[in-house]
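Listed below, chain by chain, are the residues.
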Amino acid sequence: MTENKDLRRVSKKDLWKTYIYSQAFVSGFNYSKQEAPGFVFSMMPVIEKVYEKEPEKIEAYRRHTELFLTEARLSHFVIGMTAAMEERNAIDQDIDPVSINAIKAALMGPLAGIGDSLYHGTLRPIMAGLAVSLVIGSNYTSMVGPLLFVIVMAVVGQLLRYFGIFKGYEKGVEFVAKVQSSGLLQKMTRYAGIAAYVVIGGFVYKFVTINIPWTYKAGETMVSIQTVLNGMVPGLLPLLYTLLMLYFMDKKKMSPVTLMLITMVVGVIGCALGILA
């Protein structure tokens, strides 16, 4: 009996299979169960390994058809941790199956906050800004920027998947309890948000352009208003316009699409009237 239990334990080979299966994690995404189909598919190597009886396998598969939604790359930590819990439920039988979905649901929010802040809110805009800058700097002839963006995002994504599954299985619930009790989740989310705002704010001067063609004569010299403004604070007008858009979205709850349309109209009319260059 003991030997049979040992054969049903999850091995590194099984975790590698889970990692490979998890590459299709978002392929079954739908609006009723969100990422649940991908979660079930990712768990197949584990469920087939640890459970012997067909009814037990069916129950495990049904358990993971419940709605699941978090950041797709950090979700793999939940996959690894769930693999450990399913193993204990199937072999040691010292864990309540209901707690498996309860822990999954409890982790959805925190992991989504961390993943969205760090991966989508910090790394993605930094790499996208760098890629666009390289493209512009090469006069739109170099592929280095786009390739760098794709490679970095793909490598980081795969590392998160790998460590999520392997470390999630290794540390399991113990790791989650320690991180949550220390307040690290909240700190990481807060600092990542601050970093993202700083990075995105730095791109305002680079990618938002407002030029005023007006000039005036000072003695024998023609002075450009745009040059004067740039001398005072470089990118002052783009910054002010960006802050105005932020004010409308935050305080007036205006739609970004509406503001984009207004910006287009202002640009066209401003150029037609000679107010904007």
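Within any chain, residue numbers begin from 1 and follow the written order of that chain's sequence. Per-residue local features are limited, in this predicted model, to residues with pLDDT of at least 70; the limit for side-chain atom pairs, both in listing and counting, is 80 or more; totals at the level of whole chains, interfaces and linings are taken over all residues. By convention in this description, side-chain values take in all heavy atoms of the structure and omit both hydrogens and water.

Q: Would you mind going over the overall build of the protein in detail, with residue names and values included?
A: What the protein contains, in helices and strands, is 13 helices and two strands. Buried, partly exposed and exposed residues are distinguished by accessible area as a fraction of the type maximum, computed with a 1.4 Å probe on protein chains only: under 20%, between the cut-offs, and over 50%, respectively. Across the 277 residues of the protein, 35% fall into the buried class. In what follows, a contact means two residues having at least one pair of non-hydrogen atoms within 4.5 Å. Across the protein, the fraction of contacts at a sequence separation of at least 24, relative to all contacts at a separation of at least 6, is 71%. Computed with a 1.4 Å probe, the accessible areas rest on the Shrake-Rupley method; for each residue, only the protein chains presented here act as cover. If you sum the accessible surface of the protein, you get close to 16300 Å²; carbon and sulfur atoms cover 68% of it. The helix and strand labels rest on DSSP assignments: H or I over at least four residues marks a helix, E over at least two residues marks a strand, and numbering proceeds from the N terminus.

Q: Provide a residue-level description of the pairing of strand β1 (residues 215-218), including the pertinent values.
A: The pairing of β1 with strand β2 (residues 221-224) spans four bridges and is antiparallel. Pairing of A218 across the sheet is with T221, part of β2. Linking two consecutive strands that pair antiparallel, namely β1 and β2, is a turn of two residues; a positive phi of about 70 degrees is found at G219 within it. A pair of strands is treated as paired once DSSP finds two or more bridges between them.

Q: Break down the side chain of Q226 for me, with residues and values.
A: If you trace the backbone, Q226 turns up in helix α11 (residues 225-232). A relative accessible area of 10% places Q226 in the buried class. Looking at Q226, its side chain comes within polar contact range of the main-chain nitrogen of I212, at 2.8 Å. Once residues lying within four places of it in the same chain are set aside, the contact partners of Q226 are I210, N211, I212 and L237. Counting of polar contacts relies on pairs of N or O atoms within 3.5 Å, with two restrictions inside protein: one atom must be capable of donating a hydrogen and the other of accepting it, and residues adjacent in sequence are counted only when both atoms are side-chain atoms.

Q: I'd like to hear about the pattern of salt bridges, residue by residue, with values.
A: Within this document, salt bridges are pairs made up of a side-chain nitrogen of Lys or Arg and a carboxyl oxygen of Asp or Glu, the two lying within 4 Å of each other. Across all of its chains, the model carries eight salt bridges by this definition. Between R73 and E71 there is a salt bridge; the shortest N-O distance is 2.8 Å. Each member of the pair, R73 as well as E71, is classed as buried.

Q: Help me get a handle on helix α3 (residues 36-50), residues and values and all.
A: Working rule for helices: expected span equals 1.5 Å times residues minus one. Across its 15 residues, α3 extends 20 Å between first and last C-alpha, which sits within 8% of the 21 Å expected from 1.5 Å per residue. Bend at a given residue is defined as the angle between two axes, one fitted to the seven residues that end at that position and one fitted to the seven that begin there. The largest bend along α3 measures about 50 degrees and falls at M44, with the proline P45 one to four residues further on. In this fold, the buried residues of α3 make contact with α2 (12-21), α4 (54-63), α5 (75-92) and α6 (97-137).

Q: Please provide a residue-by-residue account of α6, values included.
A: With 41 residues, α6 should reach 60 Å at 1.5 Å per residue; the first-to-last C-alpha distance of 56 Å fits that figure. At M108, α6 shows its strongest bend, of approximately 35 degrees, with the proline P110 following within four residues. Where α6 terminates, the next one or two residues include N139, which has phi positive at roughly 60 degrees.

Q: I'd like to hear about the side chain of S22, residue by residue, with values.
A: With respect to the helices and strands, the residue S22 is situated in the loop between α2 and α3. Excluding residues that lie within four positions of it along the chain, S22 makes contacts with S42, H76, I79, R161 and I165.

Q: Lay out the packing of aromatic side chains in plain terms, naming residues and giving numbers.
A: Only the six-membered ring of Trp is used, alongside the rings of Phe and Tyr, when aromatic pairs are assigned; centres must lie within 6.5 Å, and planes under 30 degrees apart are stacked while those over 60 apart are edge-to-face, with the rest tilted. In the structure shown here, the tally under the stated rule is ten aromatic pairs. Seen from their ring centres, Y19 and Y162 are 6.4 Å apart, and the 85 degrees between their planes marks the pair as edge-to-face. Within this pair, whereas Y19 is found in helix α2, its partner Y162 is found in helix α7 (residues 144-171), the two being separated by 143 residues in sequence. Using a relative accessible area of 27% as the deciding quantity, one classes Y162 as partly exposed. Pairwise contacts between aromatic rings join W16, Y19, Y162, F163 and F166 into one cluster. In this analysis the charged atom, NZ for Lys or CZ for Arg, is taken to sit over a ring once it is within 6 Å of the ring centre and within 35 degrees of the ring normal. Just above the ring of F39 sits the side chain of K104; from NZ or CZ to the centre is 3.9 Å.

Q: Talk me through unusual backbone geometry; I want residue IDs and the actual numbers.
A: Positive phi, normally seen in glycine, also occurs at Q34, with a value near 60 degrees. If you trace the backbone, Q34 turns up in the loop between α2 and α3. You will see that Y140, though not glycine, has its phi angle at about 65 degrees, which is positive. Relative to the elements of secondary structure, Y140 occurs in the loop between α6 and α7.

By themselves, these are just geometric observations and shouldn't be taken as functional.
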